[in-house]
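# Inside the fold
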Amino acid sequence: MKIFWRIPAQFEYENVGLTIGVFDGVHLGHQKIITGLINSCRKKGLTSLFLTFEIHPRKILSSTMPAPLITLDQRLNIISHLGMDVCIVTDFEQEIMNLEATEFIEKVLIDKLKMKQMWIGTNFLFGRGRKGDVQLLQELSAKKGFKLQVVEPVKLEDEIVSSTRIREYLKQGEVAKANLLLSRPYTIGAEVIHGTKRGRILGYPTANLKWDEEILLPEKGVYAVRVKMDDERYEGVANLGYRPTFGEEKELYLEVHIFDFNQEIYFKELNVSFITRIRDEKPFKDQDSLIRQLNEDENKAKQILKASNW
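The paragraphs below set out a description of the structure included in this document. These figures come from a predicted structure and were not determined experimentally. (Residues numbered from 1 in each chain as written. Predicted model: local features only at pLDDT ≥ 70, side-chain atom pairs only at ≥ 80, totals over all residues. Heavy atoms only, no water.)

Counting secondary structure elements, the protein contains 10 helices and 14 strands. Once the C-alpha set of the protein is aligned to its principal axes, its extents read approximately 75 × 40 × 40 Å. When burial is assessed residue by residue, the protein has 50% of its 310 residues classed as buried. Taking all contacts inside the protein whose residues are at least 6 apart in sequence as the whole, residues at least 24 apart take part in 73%. When the accessible surface of the protein is summed, it comes to about 16300 Å², and 45% of that surface belongs to carbon and sulfur atoms. (Helix = DSSP H or I, 4+ residues; strand = E, 2+ residues; numbered from the N terminus. Buried < 20%, exposed > 50% of the residue type's maximum accessible area, 1.4 Å probe, protein only. Contact = heavy atoms within 4.5 Å. Areas by Shrake-Rupley, 256 points an atom, 1.4 Å probe, with all protein chains shown as cover.)

If you want it as structure tokens, here you go:
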């Protein structure tokens, strides 16, 4: 997938089919739009294009911006693997925010990007003041001669798949349910940093992690996880919380114990995929009680991971 970091003044592609949005999470609903667009473009000999934003428009227009589910790099990587030809990452504030809806379609999408086909969801809003909607697009489609495909939401077990619902599940610790809506495990990229080395003393060495602070974290607790590092995959248990047993209640931490692993990996980048939440975080009266619980957590996590398809 070729990436442009702003809308080009002279676009090199002709006959484009495109979709627009943040697509936070790139969940099943987003994937339905993306794969539909890509397949249609391949059949008709068009270039498939994803127009997205480096900063979520809601962060610019509103003070109530929810934490993102994935980073921009993760979003681009997922969409590239789905088969998109081209992506434009634009500055919403600089290039789009003040354009009226009709002006945006005509001057940007048609004149600059050579749009012949557009795929959107039913709740798509665009243009200055978010006054552009599906009805306006249908009118412009007939007038300007581009094909418009409006994609209905995806339902899973009578539930509409949405980024909002995924956030709710994650905040409740229901990562298994969130994963179903995403169609993959919820994954956080993080760097291994130095910690207290207390886990090593207990016989459970852990990788202490520093993550992107803007990304949404699941509810505190203990999780069965899969870990990817240097293209190698591992299994383990993650602890997310405040270390109540040791009285360290001010700083939120994320640490991972990787099974059957004993290497120095400081400053390595890990991708931690949350599979299932095992239990709440809780304090222990002594070290022996904690070690017994860690043994139970590891055994339970191994059973969960063995049975998991993720």
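All right, on to the packing of helix 7 (residues 163-171) against helix 8 (residues 175-182) then. Relative to each other, helix 7 and helix 8 sit at 160°, their axes nearing to 7 Å. When the interaxial angle is binned, helix 7 and helix 8 end up roughly antiparallel. The way helix 7 lies across helix 8 gives a crossing that is left-handed. Together, Arg165, Ile166, Tyr169 and Leu170 of helix 7 and Val175, Lys177, Ala178, Leu181 and Leu182 of helix 8 make up the contact between the two elements. Looking at side-chain class alone, the contact of helix 7 with helix 8 contains 7 nonpolar, no polar and 2 charged residues. (Axes fitted to C-alpha atoms, helices over the stretch in contact; angles between N-to-C directions. Parallel < 35°, antiparallel > 145°, perpendicular 65-115°, else oblique. Left-handed = near helix turned anticlockwise from the far one by under 90°. Nonpolar A, V, L, I, M, F, W, Y, C, P; charged D, E, K, R; others polar.)

So, about the pairing of strand 14 (residues 269-279). Looking at chain direction, strand 9 (residues 186-193) and strand 14 are connected through 6 bridges and run antiparallel. Residue pairing across strands places Glu191 opposite Glu269, the latter belonging to strand 14. Where strand 11 (residues 221-229) and strand 14 come together, 7 bridges link them in antiparallel fashion. Paired with Arg226 across the bridge in strand 14 is Ser273. (Pairing = 2+ DSSP bridges.)

A surface patch of nonpolar side chains, about 270 Å² in accessible area, is lined by Met1, Ile3 and Trp5. With respect to the helices, strands and loops of the structure, Met1 is situated in the segment before strand 1 (2-4). The exposure class assigned to Met1 is partly exposed, which follows from its relative accessible area of 30%. (Patch = residues over 30% accessible without salt bridge, like charges linked within 9 Å, V, L, I, M, F, W, Y side chains within 5 Å. Salt bridge = Lys/Arg side-chain N within 4 Å of Asp/Glu carboxyl O.)

Our focus in this paragraph is the sheet that holds strand 2 (residues 16-20). Read across the sheet, 6 strands follow the order 1-4-3-2-5-6 without closing on themselves; strand pairing throughout is parallel. The sheet terminates laterally at strand 1 and strand 6 (147-151), the two strands that pair on one side only. Between one strand axis and the next, the sheet turns by 20° as a mean value, whatever way the strands run. The pairing of strand 1 with strand 4 (residues 86-90) spans 3 bridges and is classified as parallel.

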